Amino acid sequence: MVSEDGLLACVFDGYLINHLEVADDLEACGVVFRNRSDVEIALRAYEAWGDDCAGRLQGEFAFIVADLRAGRLFASREHLGFVPLYFLHEEGRIIVASDFRTIAGQKLKALEPNLRYLAQTLTNRWYLRNETPWKQISRLKRAHHLSFDGVTLAETEYWTPQT
């Protein structure tokens, strides 16, 4: 989905369970929806609340926003981490996708296997939750968002369980 001015674009994988509540909050802020789809709600939430948008969304999701207004890419995963989101940062660019093949198809050099991750998989031990079978590809952690402005890559936790 693309904003009316063409300066924001969003791709969304998953679903929201609080879409009605978030849509009502956005409409109270003056947002006029085209279709109230989950992708539009995520885009409008980002537009209204910026980096705080993911903390207001509930469901199983991962989404990416290309923000030409701010000159950055924003990506987020929900706090339970059911929907995967992977990224590769190299040579001043970032590739973000929900599968390895998409990233491998855009990669400048061959991917190297991550033997530590593969050893953990073979022994049924899962300690490195943000690593992947490939050294160069990282997994965006659950309840985190990622921001990349062409120079700086930042991962920020937006939610922690209440104690």
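In what follows, the structure referred to is the one given above.
Residues numbered from 1 in each chain as written. Predicted model: local features only at pLDDT ≥ 70, side-chain atom pairs only at ≥ 80, totals over all residues. Heavy atoms only, no water.

K.L.:
Honestly, the sheet that holds strand S6 (residues 138-139) in this entry has me stumped. Any pointers?
P.N.:
The strands making up a sheet are joined through hydrogen bonds of the backbone, oriented either antiparallel or parallel. Judged by pairing direction, the sheet is antiparallel, and its three strands sit side by side in the order S5-S4-S6 without closing on themselves. Of all strands in the sheet, those with a lone pairing partner are strand S5 (93-97) and S6, marking the two edges. Pairing geometry for strand S4 (residues 86-90) and S5, over five bridges, is antiparallel. What sits directly across from leucine 88, in S5, is isoleucine 95. (Pairing = 2+ DSSP bridges. Helix = DSSP H or I, 4+ residues; strand = E, 2+ residues; numbered from the N terminus.)

K.L.:
Please clarify how unusual backbone geometry should be interpreted in this entry.
P.N.:
Excluding glycine, most residues fall at negative phi; most peptide bonds, likewise, are trans. Unlike most non-glycine residues, glutamate 91 shows phi in positive territory, near 45°. Looking at the secondary structure, you find glutamate 91 in the loop between S4 and S5. A relative accessible area of 58% places glutamate 91 in the exposed class. We note that alanine 143 has phi near 60°; this positive angle belongs to a residue other than glycine. (Buried < 20%, exposed > 50% of the residue type's maximum accessible area, 1.4 Å probe, protein only.)

K.L.:
I keep staring at the pairing of S5 and nothing clicks. Help me out?
P.N.:
The side chains of a regular strand alternate between the sheet's two faces. Along S5, four of the five residues are buried, which leaves the element largely enclosed by surrounding structure. Linkage of S4 to S5, two consecutive antiparallel strands, is achieved through a turn of two residues, within which glutamate 91 is found at a positive phi near 45°.

K.L.:
What should I look at first to understand helix H1 (residues 19-28) in this one?
P.N.:
Residues spaced three or four apart along an α-helix point in a common direction, a consequence of the helix completing one turn every 3.6 residues. Along H1, the residues that are buried comprise Val22, Ala23 and Leu26. Projected down its long axis, H1 shows its buried positions confined to an angular sector of 100°, all on one face. Exposed and oriented more than 90 degrees from the buried face of H1 are Leu20 and Ala28. Among the structural elements, helix H2 (38-49) are those in contact with the buried residues of H1. Glycine 30 lies just past H1 and shows a positive phi near 100°. (Arc of directions from axis to C-beta. Contact = heavy atoms within 4.5 Å.)

K.L.:
Sorry, what's going on with the packing of H1 against H2 here?
P.N.:
Axes are the key here: two packed helices are described by the angle between their axes and the distance separating the axes. The interhelical angle for the contact between H1 and H2, taken along N-to-C directions, is 40°, at an axis separation of 10 Å. One way to sum up the angle between H1 and H2 is to call them oblique. Between H1 and H2 lies a crossing whose hand is left-handed. Contacts from His19, Val22, Ala23, Asp25 and Leu26 in H1 reach Asp38, Ile41, Arg44, Ala45, Ala48 and Trp49 in H2. Its residues assigned to classes, the contact of H1 with H2 shows seven nonpolar, one polar and three charged. (Axes fitted to C-alpha atoms, helices over the stretch in contact; angles between N-to-C directions. Parallel < 35°, antiparallel > 145°, perpendicular 65-115°, else oblique. Left-handed = near helix turned anticlockwise from the far one by under 90°. Nonpolar A, V, L, I, M, F, W, Y, C, P; charged D, E, K, R; others polar.)

K.L.:
Sorry if this is basic, but what is going on with the nonpolar core here?
P.N.:
Side chains of a nonpolar character, in soluble globular proteins, are inclined to be buried together. Leu26, Ile41, Cys53, Leu57, Phe61, Phe63 and Val65 are the most contacted members of the largest nonpolar core, which has 24 residues in total. Listed by contribution, the elements that provide at least two residues to this core are strand S1 (8-16), H1, H2 and strand S2 (59-67). Here this core takes six residues from H2, the largest share from any one element. For valine 65, the residues in contact, after removing those within four places along its chain, are Leu8, Ala9, Cys10, Leu43, Tyr46, Arg72, Leu73 and Phe74. Counting residues in hydrophobic clusters, the runner-up holds 12 residues, among them Ala62, Phe87, Val96 and Leu146. (Core = buried A, V, L, I, M, F, W, Y, C linked by side-chain atoms within 4.5 Å.)

K.L.:
Mind showing me how you'd approach the sheet that holds strand S3 (residues 72-77) here?
P.N.:
The strand order S1-S2-S3-S7-S8 describes an open sheet built from five strands, whose pairing is antiparallel. In this open sheet, the two strands that pair with only one neighbour each are S1 and strand S8 (153-157). Each neighbouring strand pair of the sheet contributes to a mean axis angle of 10°, computed without reference to strand direction. Along the sheet, H2 contacts S1, S2 and S3; its crossing angle with S1, the most-contacted strand, is approximately 125°.

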